[in-house]
Amino acid sequence: MSLAVVRSSMTTSLARYGRSTGLWILLLVVPVGARFMIAARGADFTLIALDNRIPWLTSPVLGVTLGVIIATLLLPVDFIYLRANVTRRQPWQVEEVSPAGRISIAYGRWLADVAVLAIVLAATTAAGCLLALLLLPLNEVDPASIILTLWVIAAPPLAMVAALRLLFDARRR
């Protein structure tokens, strides 16, 4: 596997994602959904219940809730975005004549997909920290807890969605 081919494929895909207007819509899905799905303290309802009990809203609970929202709400939207957006048509004519392996090209595209989804996750993290400032008392806001719980729960499914997109791209149509 050639690292130059991987880097070239990744930068080409990232440049194509950068020109996408669908990325802005993708960046807004979770923060808008999270505002309506996360209940304030003392509410009678919640998205996530533990042992049929409503958890007390703290920074780690907010991060877990955002992670679950991403894993349930955003994954289908991510898959549709990755499959039907700017990377749907790839310049195979340029890449096929080069002596590069298909695995290197696919790995570069997967890295670009994961990078774009990590950007979406970072935007969700920033929105979660802002949401914590709005919903929690200022002395209880802990951005490190939000970041840790959110990324531990949401990053692996997002990487898996990127892998599934490549799997379906590798199939014949």
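Please read these numbers as outputs of a predicted model, since none were measured by experiment. (Residues numbered from 1 in each chain as written. Predicted model: local features only at pLDDT ≥ 70, side-chain atom pairs only at ≥ 80, totals over all residues. Heavy atoms only, no water.)

### Things to note about the overall build of the chain
As a reminder of what qualifies: A run of DSSP states H or I qualifies as a helix once it reaches four residues; a run of E qualifies as a strand once it reaches two. Both are numbered from the N-terminal end. Relative accessibility under 20% of the residue-type maximum defines a buried residue, over 50% an exposed one, and the middle range a partly exposed one, all with a 1.4 Å probe and only protein chains included.
A count of helices and strands for the chain gives 6 helices and 0 strands. Along the chain, from the amino end to the carboxyl end, the secondary structure elements read α-α-α-α-α-α. Burial status across the chain gives 36% buried among its 173 residues.

### Quick word on the packing of helix α1 (residues 3-18) against helix α5 (residues 102-135)
Keep this limit in mind: Simply put, an axis is a line fit to the C-alpha atoms, just over the touching stretch for a helix, and the angle between two N-to-C directions goes from 0 to 180 degrees. These descriptions rest on fixed angle ranges, namely under 35 degrees for roughly parallel, over 145 for roughly antiparallel, 65 to 115 for roughly perpendicular, and the rest for oblique. Two helices cross in a left-handed way if the nearer one is turned anticlockwise from the farther one by less than a right angle. They cross in a right-handed way if the turn is clockwise. In this analysis, two residues are considered to be in contact whenever any of their non-hydrogen atoms come within 4.5 Å of each other. Amino acids are sorted into nonpolar (Ala, Val, Leu, Ile, Met, Phe, Trp, Tyr, Cys and Pro), charged (Asp, Glu, Lys and Arg) and polar (every other residue, Gly among them).
Viewed as axis vectors pointing N to C, α1 and α5 meet at an angle of 40 degrees, and their least axial separation amounts to 7 Å. Of the possible angle classes, the one that applies to α1 and α5 is oblique. The two elements α1 and α5 meet at a crossing, and its hand is right-handed. Judged by residue contacts, Val-5, Val-6, Ser-9, Met-10, Ser-13, Leu-14 and Tyr-17 of α1 engage Ser-104, Ile-105, Tyr-107, Gly-108, Arg-109, Leu-111, Ala-112, Asp-113, Ala-115 and Val-116 from α5. Class assignment for the residues of the contact of α1 with α5 results in 11 nonpolar, 4 polar and 2 charged.

### What to know about the pattern of salt bridges
Our working definition: A pairing counts as a salt bridge when a side-chain nitrogen of Lys or Arg comes within 4 Å of a carboxyl oxygen of Asp or Glu.
Applying the stated rule across the entire model yields 1 salt bridge. In this structure, Arg-165 engages Asp-113 in a salt bridge whose closest nitrogen and oxygen atoms are separated by 2.6 Å. Of the two residues, Arg-165 is situated in helix α6 (residues 143-170) and Asp-113 in helix α5; the sequence distance between them amounts to 52 residues. Overall, the relative accessible area of 0% leaves Asp-113 in the buried class.

### Here we look at the confidence of the model for the chain
Detailed reading of the predicted coordinates is not advisable wherever pLDDT is low. Defined as follows: Every residue gets a pLDDT, meaning the predictor's confidence in that residue, from 0 to 100.
When the pLDDT values of the chain are averaged, the result is 79; 83% of them are 70 or greater. Confidence, read as mean pLDDT per element, is least for helix α4 (residues 92-96) in the chain (51) and greatest for α6 (88).

### Some thoughts on the environment of Leu-117
Within the element layout of this structure, Leu-117 appears in helix α5. Each C-alpha atom, one on Leu-117 and one on Leu-23, is 9.7 Å from the other, the two residues being 94 residues apart in sequence. Those residues in contact with Leu-117 that sit more than four places away from it in its chain are Asp-78, Leu-82, Leu-158 and Ala-162.

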